[in-house]
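Observations on the model geometry
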Amino acid sequence: MEVRLQKALSQLGIASRREAEEMIRQSRVQVNGVLANLGQKVDTQKDAIAIDGKLISAAERPPLIYLLLNKPPGVVSTCDDPQGRKTVLDLLPQELRAGLGIHPVGRLDAESTGALILTNDGELTFGLTHPRHSIPKTYRVVVKGNPSPAVIAKWSQGVMLDGRKTLPAQVNLIESYAENSCLEIVLKEGRNRQIRRVAEILGHPVIKLHRTAIGTIQLKKPKEPFLREGQYRYLSDAEIRFLHNSIKGRTIKDLAEGRSVIKT
C-alpha cells in the first residue's frame, strides 16, 4: 500500500516525520534511484528507498524502543545540533545512538531539565506532538519573587500569549522562600517556552524548570531508584500502553487534517 514518503520513513523507524521531511528537503533520500520529493507516495514493499545512498527495506525495520530520559541542563532535545552542543542522543550508549531511528518526542529547552521520552515509533511521535494532543505534563518551577494568589489564579485561568490565550492550567504554590517560590504546574499544551514566557509576563521570571512527569509516566517510580540527571530507563509495558491509548480514537489521518475527534 502506498503512503507518503515521510510517513513510510517514520514507520520504518528511520526518523520522526519532521526529521524525515527535512532529510527529503536536503536531497538525502532517493526512491528507485531518483531524488525524492516531499509528499510523494511510496510502497515500502516494492520501491527501493535509499538514505544517503544506502538502501533500506521494511524487513530491516528495527524493534520499537521506548525510553524515558532525565535530561540535564545544557543538553538540546534534538538528534543533531549544528552548533555542536551535546544532544539527548549523546547521553545514550553507542548501540542506541545510530541506526535505530531513536529521537525525542517533543522538546525541553536547553536550560530545562527532566522527563523526556525517546522512541523510534514515528507514528506515536506524530500523534503525541500534534497540537490537538493533550497529555498533561507536570513541572516543578522555581520563579523569582513570591506570586500572589491573584497572579496564580490568573496563570491558572490562562494568559494571552502571541495573541492567543493559553489553556487553563493547574498552578499550585509548593513553597515560598525569601526571594523566590517553588510552584507545581500542570499543562495540557506545549507552546514554545510557554512556562518561561508566561512567568516573565506575570513578573516572576523562571529560575529553574524541571519536568517531573508526562501523564502517568514519572521520573520517580514507586520502589525504584530515582532516575538521576543524564540517566534513562526503558518504559514499562503499562507506560507504553498509556501513550498509545492517549492517542487512541484519533486516526493519523484525522490528526493530519486537524479534525476534532471524540476520543474513545
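For clarity, every value in this text was computed on a predicted model and none was experimentally measured.

Another point: helix α7 (residues 237-246). Taken residue by residue, α7 has Glu239, Ile240, Leu243 and Ser246 as its buried positions. Down the axis of α7, the buried side of the element spans an arc of 130 degrees, and every buried residue falls inside it. The elements touched by buried residues of α7 are β7 (66-71), β9 (113-119), α4 (122-129), β16 (217-218) and β17 (232-234).

Positive phi is not limited to glycine here, since Ser27 has a value of about 60 degrees. Locating Ser27 in the fold gives a position in the loop between α2 (17-25) and β2 (29-31). The exposure class of Ser27 is partly exposed, given its relative accessible area of 45%. In this structure, Asn32 takes a positive phi of about 55 degrees despite not being glycine. Position of Asn32 relative to the elements: it lies in the loop between β2 and β3 (34-35).

So, about the packing of aromatic side chains. Working definition: an aromatic ring pair is given by the centre-to-centre distance plus the angle between the planes. Inspection of every chain in the model, using the stated rule, returns one aromatic pair. Pairing Tyr232 with Tyr234 gives two aromatic rings, centres 6.2 Å apart and planes at 65 degrees, and the pair type is edge-to-face. The class for Tyr232 is partly exposed, based on a relative accessible area of 26%.

Moving on: the environment of Met23. Tracing the backbone shows Met23 in helix α2. Separated by 17 residues in the primary sequence, Met23 and Gln6 have C-alpha atoms spaced 9.0 Å apart.

Every buried residue of helix α5 (residues 149-157) is listed here: Val151, Ile152, Trp155 and Ser156. Summarising the axial view, the buried residues of α5 lie within an arc of 135 degrees, below the 170-degree limit, and thus occupy one face. Exposed and oriented more than 90 degrees from the buried face of α5 are Pro149, Ala150 and Gln157. Turning to α5, the residues buried within the fold contact β13 (170-176), β14 (180-187) and α6 (194-201). Where α5 ends, the next residue or the one after it, Gly158, has phi of about 120 degrees, a positive value.

Let's shift gears to the environment of Asp90. Looking at the secondary structure, you find Asp90 in the loop between β7 and α3 (94-97). Overall, Asp90 belongs to the partly exposed group, its relative accessible area being 36%. In this structure, the C-alpha to C-alpha distance between Asp90 and Ile102, residues 12 residues apart in sequence, is 12 Å. Dropping the residues within four chain positions of it, Asp90 is found in contact with Arg85 and Arg97. Looking at Asp90, its side chain comes within polar contact range of the main-chain nitrogen of Thr87, at 2.9 Å.

About the thresholds
- Residues numbered from 1 in each chain as written.
- Predicted model: local features only at pLDDT ≥ 70, side-chain atom pairs only at ≥ 80, totals over all residues.
- Heavy atoms only, no water.
- Buried < 20%, exposed > 50% of the residue type's maximum accessible area, 1.4 Å probe, protein only.
- Helix = DSSP H or I, 4+ residues; strand = E, 2+ residues; numbered from the N terminus.
- Arc of directions from axis to C-beta.
- Contact = heavy atoms within 4.5 Å.
- Phe/Tyr/Trp six-rings, centres within 6.5 Å; stacked < 30°, edge-to-face > 60°.
- Polar contact = N/O pair within 3.5 Å; in protein donor to acceptor, adjacent residues only side chain to side chain.

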